[in-house]
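# Results of the structural survey
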Amino acid sequence: MKKVYGSAAEALDGVLFDGMLIAAGGFGLCGIPELLIDGIVEAGTKDLTVASNNAGVDGFGLGKLLETRQIKKMMSSYVGENKEFMRQYLGGELELEFNPQGTLAERMRAGGAGIPGFYTKTGVGTVIAEGKEVKQFPTGPDGADEDYILERGIFADLSIVKAWKADPTGNAVFRKTARNFNPPAAMCGKICILEVEEIVETGSLDGDAIHLPGIYVHRLIQGEHEKRIEQRTTRAA
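Since the structure is predicted, the reported quantities are computational estimates derived from the model, not experimental observations.

## Description of the overall build of the chain
The helix and strand inventory of the chain stands at six helices and 11 strands. Taking 237 residues into account, the globule formula puts the C-alpha radius of gyration at 18 Å, and the chain, at 19 Å, falls close to it. Counting only C-alpha atoms and orienting by the principal axes, one finds that the chain spans roughly 55 × 50 × 45 Å. Here the chain holds 237 residues, and 46% of them are scored as buried. Once local pairs closer than 6 in sequence are excluded, the contacts in the chain between residues at least 24 apart make up 73%. Taken as a whole, the chain presents about 11800 Å² of accessible surface, with 50% of it coming from carbon and sulfur. Between the centroid of the 26 positive side chains of the chain and the centroid of its 33 negative side chains there is a distance of 1 Å.

## Focus on empty space enclosed by the protein
The final tally for this structure, using the stated rule, is one cavity of 30 Å³ or more. Taken as a whole, the largest cavity encloses approximately 60 Å³ of empty space. Broken down by class, the residue content of the lining of the largest cavity amounts to seven nonpolar, six polar and no charged.

## Re a nonpolar patch on the surface
A surface patch of nonpolar side chains, amounting to about 340 Å² of accessible area, comprises Met-86, Tyr-89 and Leu-90. Examined against the element boundaries, Met-86 turns out to sit in helix 4 (residues 83–90). Relative accessible area serves as the criterion here: at 48%, Met-86 is assigned to the partly exposed category.

## A short note on the sheet that holds strand 6 (residues 134–138)
Hydrogen bonding along the main chain pairs the strands of a sheet, whether they run parallel or antiparallel. The antiparallel open sheet is built from three strands, whose spatial order is 5-7-6. Among the strands making up the open sheet, the edge pair consists of strand 5 (117–120) and strand 6. Mean inter-strand twist for the sheet, computed between neighbouring axes without regard to direction, equals 40°. Note that strand 5 and strand 7 (residues 145–152) share four bridges and pair antiparallel. Pairing of Thr-120 across the sheet is with Ile-149, part of strand 7. In the packing of helix 5 (residues 101–112) onto the sheet, the strands contacted are strand 5 and strand 7, and the crossing angle to strand 5 comes to about 155°.

## Thoughts on the side chain of Asp-167
Structurally, the position occupied by Asp-167 is in the loop between strand 8 (156–166) and strand 9 (172–173). The buried charged residue Asp-167 lacks any salt bridge partner; its closest oppositely charged side chain belongs to Lys-3, at an N-O distance of 7.3 Å. A distance of 2.6 Å separates polar atoms of two side chains, one belonging to Asp-167 and the other to Thr-169. A distance of 3.0 Å separates a polar atom in the side chain of Asp-167 from a polar atom in the side chain of Asn-171.

## Overview of the pairing of strand 1 (residues 21–24)
Along any regular strand, the residues point their side chains to alternate faces of the sheet. Residues of strand 1 alternate between two faces, with Leu-21 and Ala-23 on one and Ile-22 and Ala-24 on the opposite face, all of them buried. Of the pairings in the sheet, the one linking strand 1 to strand 2 (residues 48–51) comprises three bridges and is parallel in character. Bridge pairing in strand 2 links Leu-21 to Thr-49. As paired elements, strand 1 and strand 8 share three bridges and run parallel to each other. Bridge pairing in strand 8 places Ala-24 opposite Ile-160.

## Quick look at unusual backbone geometry
One non-glycine residue, Asp-47, lies in positive phi territory at about 55°. Mapped onto the fold, Asp-47 is located in the loop between helix 2 (34–43) and strand 2. Of the residues examined, Asp-47 reaches a relative accessible area of 39% and is grouped as partly exposed. Within the chain, Lys-176 stands out as a residue other than glycine whose phi angle is a positive 55°. Mapped onto the elements of the fold, Lys-176 is located in the loop between strand 9 and helix 6 (182–187). Classification of Lys-176 as exposed rests on a relative accessible area of 70%.

## Quick word on the packing of aromatic side chains
A complete count under the given rule lists four aromatic pairs for this structure. Ring geometry for Phe-27 and Phe-181: centres 6.4 Å apart, planes at 15°, overall stacked. On the criterion of sequence distance, the pair formed by Phe-27 in the loop between strand 1 and helix 2 and Phe-181 in the loop between strand 9 and helix 6 is long-range, its members being 154 residues apart. Of the residues examined, Phe-27 reaches a relative accessible area of 25% and is grouped as partly exposed. The class of Phe-181 is buried, set by a relative accessible area of 3%. Look at Phe-85 and Tyr-89: their rings are 6.3 Å apart centre to centre, the planes differ by 25°, and that puts the pair in the stacked class. Pair noted here: Phe-85 and Tyr-89 are both in helix 4, with a separation of four residues, about one helical turn. Relative accessible area serves as the criterion here: at 39%, Tyr-89 is assigned to the partly exposed category. Counting every residue linked through ring pairs, the aromatic cluster contains Tyr-119, Phe-137 and Tyr-148.

Here is what the cut-offs are and how they apply
Residues numbered from 1 in each chain as written. Predicted model: local features only at pLDDT ≥ 70, side-chain atom pairs only at ≥ 80, totals over all residues. Heavy atoms only, no water. Helix = DSSP H or I, 4+ residues; strand = E, 2+ residues; numbered from the N terminus. Rg over C-alpha atoms; globule rule 2.2 N^0.38 Å. Buried < 20%, exposed > 50% of the residue type's maximum accessible area, 1.4 Å probe, protein only. Contact = heavy atoms within 4.5 Å. Areas by Shrake-Rupley, 256 points an atom, 1.4 Å probe, with all protein chains shown as cover. Lys, Arg positive; Asp, Glu negative; His and termini not counted. Charge placed at Lys NZ, Arg CZ, Asp CG, Glu CD. 1 Å grid on protein atoms, 1.4 Å probe; cavity = no way out; pocket = protein on both sides within 12 Å on 5 of 7 lines; lining within 4 Å. Points joined across faces, edges and corners; volume = space filled by probe spheres on them. Nonpolar A, V, L, I, M, F, W, Y, C, P; charged D, E, K, R; others polar. Patch = residues over 30% accessible without salt bridge, like charges linked within 9 Å, V, L, I, M, F, W, Y side chains within 5 Å. Salt bridge = Lys/Arg side-chain N within 4 Å of Asp/Glu carboxyl O. Pairing = 2+ DSSP bridges. Axes fitted to C-alpha atoms, helices over the stretch in contact; angles between N-to-C directions. Polar contact = N/O pair within 3.5 Å; in protein donor to acceptor, adjacent residues only side chain to side chain. Phe/Tyr/Trp six-rings, centres within 6.5 Å; stacked < 30°, edge-to-face > 60°.

In structure tokens:
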């Protein structure tokens, strides 16, 4: 089965449709699938729901899809670096489903594991819990019952993720914080497209060092990537 494609446009061909749910990997500007995002911008697919830890920045990453108004709803944890996101949200033009960071990661992981939902204490007594089922479990001091809220697994139509290295079968290795959300995001999609900095020979990766098994990857591309710093603070010379 062919997994390696020549470009983002080729890898996305036949996969995209309006109104779909996309799970996107990355943490801040680290490990975001920028080439695949550019491909979705070019395809013009609209009314998207995107599950991602953050919403990129203005002019880069998911920020590009916000600028073209292709995203209808974001499922995110941190959105503080994108002025266009803020403008659209405060103007009632963009839906937001806010998730605590660990909850979002677990929702993706649960979807990839075929788990429809799970209970967590995170968000109990806050706006996060509004409209969600509450159940008590004996987990407090001396076995006292405590409240937990039901969170649902994310089952995405498409996962777009970025790795450092991968072999042609899709076995992938991530670097540093890029490992935070990329593996669970990859697992929860019906189709997973992976972009990498380098495709290496089959068998050259240490089996014990693989972070994402190729069984989860359906298509992959290699390309040039931009290394950005989210916040740069300097002092006068």
